Amino acid sequence: MKTPRASFIRGEGRLLQVLLVGTTVLFFIIMGITWRLAEQANPVLLDLETGKPVAQAPPASPR
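Residues numbered from 1 in each chain as written. Predicted model: local features only at pLDDT ≥ 70, side-chain atom pairs only at ≥ 80, totals over all residues. Heavy atoms only, no water.

Draft legend 1. Quick peek at the overall build of the protein chain. Tallying secondary structure elements over the protein chain gives 1 helix and 0 strands in all. Taken across its 63 residues, the protein chain has 0% of its residues classed as buried. Carbon and sulfur atoms form 67% of the exposed surface of the protein chain, whose accessible area is close to 6,700 Å². (Helix = DSSP H or I, 4+ residues; strand = E, 2+ residues; numbered from the N terminus. Buried < 20%, exposed > 50% of the residue type's maximum accessible area, 1.4 Å probe, protein only. Areas by Shrake-Rupley, 256 points an atom, 1.4 Å probe, with all protein chains shown as cover.)

Draft legend 2. Examining helix α1 (residues 12–41) more closely. In this model α1 runs 43 Å from its N-terminal to its C-terminal C-alpha over 30 residues, within 8% of the 44 Å that 1.5 Å per residue would give. One or two steps after α1, the chain reaches asparagine 42, where phi turns positive at roughly 50°. (Expected span 1.5 Å × (residues − 1).)

Draft legend 3. A nonpolar patch on the surface, seen in detail. A cluster of nonpolar side chains, contributed by Phe8, Ile9, Leu15, Leu16 and Leu19, occupies part of the molecular surface with about 570 Å² of accessible area. Mapped onto the fold, leucine 19 is located in helix α1. Given a relative accessible area of 48%, leucine 19 falls into the partly exposed group. (Patch = residues over 30% accessible without salt bridge, like charges linked within 9 Å, V, L, I, M, F, W, Y side chains within 5 Å. Salt bridge = Lys/Arg side-chain N within 4 Å of Asp/Glu carboxyl O.)

Draft legend 4. Examining the packing of aromatic side chains more closely. Per the counting criterion, the structure on display carries 1 aromatic pair. When the ring of phenylalanine 27 is compared with that of phenylalanine 28, the centres are 5.6 Å apart and the planes differ by 70°; the resulting orientation is edge-to-face. The exposed category is assigned to phenylalanine 28, whose relative accessible area is 57%. (Phe/Tyr/Trp six-rings, centres within 6.5 Å; stacked < 30°, edge-to-face > 60°.)

Draft legend 5. Structural context of the environment of threonine 50. With respect to the helices and strands, the residue threonine 50 is situated in the segment after α1. Side-chain polar atoms of threonine 50 contact the backbone nitrogen of lysine 52, separated by 3.3 Å. (Polar contact = N/O pair within 3.5 Å; in protein donor to acceptor, adjacent residues only side chain to side chain.)

Printed below as a string of structure tokens:
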């Protein structure tokens, strides 16, 4: 009795390895581009209550 093959095409294992490596490299490239663009954006964090930047001192609350 002949054992059936586990793949449909002859070089399927190599193709899957190339796709995995290619996807991994593409992921790291996209993450690097995103990181660089986020650094260039220089975001300012705002306080949710006052709407003012967090770097400034919050207004003194009356006691």
